Amino acid sequence: MKELDLLKKDWKKNADSFLQISENEIYKMIHKKSSSIVKWILIISILEILFWTVSNLFFSTDEMLIKIKHPEMIFYLEVLNYFNYVVVLIFVYFFYKNYKTISTIESTKLLMSSILKTRKTVQYYVWYNLGMAVISSIISFFIAFVYNPDMTYLREKIATNGKAMFVTGGILLLVTLAFLGMFWCFYRLLYGTLLRRLYANYKELKKIDL
């Protein structure tokens, strides 16, 4: 009986050891996956900046503003553009900082905290970009409607016809919503997929930490 009791005690010790090894392996795997996901968030944000920079080179509004004889608007649009770049670069810096933090963390609780922080940063980034998309759309419509000579007939029509104003406003609203929906789908597809995977890692870590 004594030998059996000793055997049971030994088995329990080994079982605890196997459990600990299993949890460590799971943590390492989740840690690696989380680090990879945050790295991809950083890479995609950098590629996004490069894409919009190249797009601005080929689709500049400066020529259009000069054509409609309102070059003074170029300055204000450039200020808005530079402001946007500064904010986006700040977000990219935070993505890089989050990546470096997650890559070097060795604590389950700290990794969980960093994952939540990263998700929140990405969510703020997405909402900022969607907000800027709406603001850019409103400014573009305003400039086109108020300053473009080709819109003279439409302006006169709206001034004398309430129905025309209602229809024009409805069309602009639908175009803005469609534009915003396109951006939302883009961000949901890219960042949303990564954030869901990151949150799945968080839930796995939570099980280990219990």
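Summarised in this report is the structure supplied together with it.

What counts and what doesn't
- Residues numbered from 1 in each chain as written.
- Predicted model: local features only at pLDDT ≥ 70, side-chain atom pairs only at ≥ 80, totals over all residues.
- Heavy atoms only, no water.
- Helix = DSSP H or I, 4+ residues; strand = E, 2+ residues; numbered from the N terminus.
- Contact = heavy atoms within 4.5 Å.
- Areas by Shrake-Rupley, 256 points an atom, 1.4 Å probe, with all protein chains shown as cover.
- Expected span 1.5 Å × (residues − 1).
- Buried < 20%, exposed > 50% of the residue type's maximum accessible area, 1.4 Å probe, protein only.
- Patch = residues over 30% accessible without salt bridge, like charges linked within 9 Å, V, L, I, M, F, W, Y side chains within 5 Å.
- Salt bridge = Lys/Arg side-chain N within 4 Å of Asp/Glu carboxyl O.
- Phe/Tyr/Trp six-rings, centres within 6.5 Å; stacked < 30°, edge-to-face > 60°.
- Core = buried A, V, L, I, M, F, W, Y, C linked by side-chain atoms within 4.5 Å.
- Axes fitted to C-alpha atoms, helices over the stretch in contact; angles between N-to-C directions.
- Parallel < 35°, antiparallel > 145°, perpendicular 65-115°, else oblique.
- Nonpolar A, V, L, I, M, F, W, Y, C, P; charged D, E, K, R; others polar.

Quick word on the overall build of the protein chain
So, step 1. In terms of helices and strands, the protein chain carries six helices and zero strands.
So, step 2. Element order for the protein chain, N to C, with α for helix and β for strand: α-α-α-α-α-α.
So, step 3. Taking contacts inside the protein chain between residues at least 6 apart in sequence as the whole, the part at least 24 apart equals 81%.
So, step 4. As displayed, the protein chain has an accessible area near 14800 Å², and 68% of this comes from carbon and sulfur atoms.

Describing helix α3 (residues 73-104)
So, step 1. Given a rise of 1.5 Å per residue, 32 residues ought to cover 46 Å, and the 47 Å separating the end C-alpha atoms of α3 matches this to within 8%.
So, step 2. Of the residues making up α3, those classed as buried are Met73, Ile74, Asn84, Val87, Val88, Phe91, Val92, Phe95, Asn98 and Ile102.

Quick notes on a nonpolar patch on the surface
So, step 1. Taken together, the side chains of Trp40, Ile43, Ile46, Leu47 and Leu50 make up a nonpolar region of the molecular surface, amounting to roughly 470 Å² of accessible area.
So, step 2. Assignment of secondary structure puts leucine 50 in helix α1 (residues 2-58).

Regarding the side chain of serine 137
So, step 1. Within the secondary structure, serine 137 sits in helix α4 (residues 108-147).
So, step 2. The exposure class of serine 137 is buried, given its relative accessible area of 9%.
So, step 3. Other than its neighbours up to four places away in sequence, serine 137 contacts Thr176 and Phe179.

Some words on the packing of aromatic side chains
So, step 1. As enumerated under the stated definition, the model contains 13 aromatic pairs in all.
So, step 2. With 5.3 Å between their ring centres and 65° between their planes, phenylalanine 91 and tyrosine 125 make a pair best called edge-to-face. Here the residue phenylalanine 91 occupies a position in helix α3, and tyrosine 125 occupies one in helix α4, the gap between them amounting to 34 residues. Like tyrosine 125, phenylalanine 91 is buried.
So, step 3. Both rings, one in tyrosine 125 and one in tyrosine 191, keep their centres 5.7 Å apart while their planes meet at 75°; by these two values the pair is edge-to-face.

What to know about the nonpolar core
So, step 1. If you look at the biggest cluster of nonpolar residues, it comprises 34 residues, and the most contacted ones within it are Ile41 and Tyr191.
So, step 2. Taken together, the elements giving at least two residues each to this core come down to α1, α3, α4 and α6 (162-209).
So, step 3. Per-element accounting of this core gives the leading share, 10 residues, to α4.
So, step 4. Those residues in contact with isoleucine 41 that lie beyond four places of it in its chain are Phe95, Thr118, Val122, Tyr191, Leu194 and Leu195.

So, the packing of α3 against α4
So, step 1. As a packed pair, α3 and α4 sit with axes 10 Å apart at the nearest point and diverge in direction by 170°. Of the possible angle classes, the one that applies to α3 and α4 is roughly antiparallel.
So, step 2. Residue composition of the contact of α3 with α4, by class: 20 nonpolar, seven polar and one charged.

Read these as layout, nothing more, since geometry by itself doesn't imply function.
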